[in-house]
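Architecture and fold: a report
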Amino acid sequence: MLNKKDLELVEKARQVITENYDKVDYLHTVGAAVRCKNGKIYTGVNVYSLHGACAEQVAIGAAISNGEREFEAVVAVRGQKGEEVLPPCGNCRQMLADYMPKAYVIIDSKKGLIKVKAHDLLPFAYQVEA
Ligand SMILES: [Zn+2]
């Protein structure tokens, strides 16, 4: 269940892509917001190239560049107004499992927006199951 802080995080992600949306030149179409344990929020948009970088990576990179190391939640949204809440891609799931395995990722579901632990989005990471 999303709380008020989670809904604010979604709004921050929507705000950053609404302000920077670019479907023509640089293809900035996804915004992300990450909330640190101290409550600070950092945002980013995707930087388009063959392999990313995704908006989540830009937002988390901004947080780390500002000295943050402990994260609580992250969300990514796509569209001119960020109307679509996106699940992280495979590459981001790996990054989230590395940087914030116990943090929440806000994703969409049949029941609406939910939050799941980052490590649950990458089962068997670094494990070989017989
Ligand atoms: Zn990604």
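Our structure's up above, just so we're on the same page.
What counts as what
Residues numbered from 1 in each chain as written. Predicted model: local features only at pLDDT ≥ 70, side-chain atom pairs only at ≥ 80, totals over all residues. Heavy atoms only, no water. Salt bridge = Lys/Arg side-chain N within 4 Å of Asp/Glu carboxyl O. Helix = DSSP H or I, 4+ residues; strand = E, 2+ residues; numbered from the N terminus. Buried < 20%, exposed > 50% of the residue type's maximum accessible area, 1.4 Å probe, protein only. Donors = N, O, S within 2.8 Å, 3.2 Å for Na, K, Ca; no water. Contact = heavy atoms within 4.5 Å. Core = buried A, V, L, I, M, F, W, Y, C linked by side-chain atoms within 4.5 Å. Expected span 1.5 Å × (residues − 1). Arc of directions from axis to C-beta. Polar contact = N/O pair within 3.5 Å; in protein donor to acceptor, adjacent residues only side chain to side chain. Pairing = 2+ DSSP bridges.

Description of the pattern of salt bridges
- Taken as a whole, this structure holds 6 salt bridges when the rule is applied.
- A salt bridge links Arg-35 to Asp-6; the nearest nitrogen and oxygen atoms lie 3.2 Å apart. Of this pair, Arg-35 sits in strand S1 (residues 30–36) while Asp-6 sits in helix H1 (residues 4–20), and the two are 29 residues apart along the sequence. Residues Arg-35 and Asp-6 agree in their burial class; the two are buried.
- In this structure, Arg-78 engages Glu-84 in a salt bridge whose closest nitrogen and oxygen atoms are separated by 3.0 Å.
- Each of the salt bridges in this network shares a partner with another, and the network as a whole consists of Lys-5, Asp-6, Arg-35, Glu-72 and Lys-115.

Details of the coordination of the zinc ion
- The zinc ion binds to the protein through Cys-54 (SG), Cys-89 (SG) and Cys-92 (SG), with metal-donor distances spanning 2.3 Å.
- Summarised as a motif, the one-chain spacing of the donors to the zinc ion is C-x34-C-x2-C.
- Taking relative accessible area as the criterion, Cys-89 reaches 33% and is therefore assigned partly exposed.

Overview of the environment of Tyr-99
- Along the chain, Tyr-99 turns up in helix H3 (residues 90–99).
- Judged by its relative accessible area of 47%, Tyr-99 is partly exposed.
- Expressed as a C-alpha distance, the spacing of Tyr-99 and Ile-60, which sit 39 residues apart in the sequence, is 8.9 Å.
- Apart from residues no more than four positions distant in its own chain, Tyr-99 is found in contact with Ile-64 and Phe-71.

Considerations on the nonpolar core
- Of all hydrophobic cores here, the largest spans 21 residues; its most connected members are Val-34, Ile-60, Phe-71, Leu-96, Met-100 and Val-105.
- Elements supplying a minimum of two residues to this core: S1, helix H2 (55–65), strand S3 (71–78), H3 and strand S5 (104–109).
- Excluding anything up to four places from it in sequence, Leu-96 contacts Ile-60, Val-74, Pro-88, Pro-101, Val-105 and Ala-118.
- In terms of nonpolar packing, the next biggest core, distinct from the first, is built from 13 residues, Ala-13, Ile-17, Ala-33 and Val-85 among them.

Regarding H1
- With 17 residues, H1 ought to run about 24 Å at 1.5 Å a step, and its terminal C-alpha atoms sit 25 Å apart, in line with that.
- Buried within H1 are the following residues: Asp-6, Leu-9, Val-10, Ala-13, Val-16 and Ile-17. When H1 is viewed along its axis, its buried side chains cluster within an angular range of 125° and face the same direction. In H1, the exposed residues that point more than 90 degrees away from the buried face are Lys-4 and Glu-19.
- Against the buried residues of H1 lie S1, strand S2 (41–45), S3, S5 and strand S6 (112–117).
- Where H1 begins, one side-chain oxygen reaches toward the backbone nitrogen of Lys-5, 3.0 Å away; that side chain belongs to Asn-3.

Considering the pairing of S2
- Both S1 and S2 contribute to a ladder of 5 bridges, which runs antiparallel. From the neighbouring strand, Gly-31 faces S2, where its bridge partner is Val-45.
- The turn joining S1 and S2, which pair antiparallel and follow one another in sequence, is formed by 4 residues; a positive phi near 95° is taken by Gly-39.

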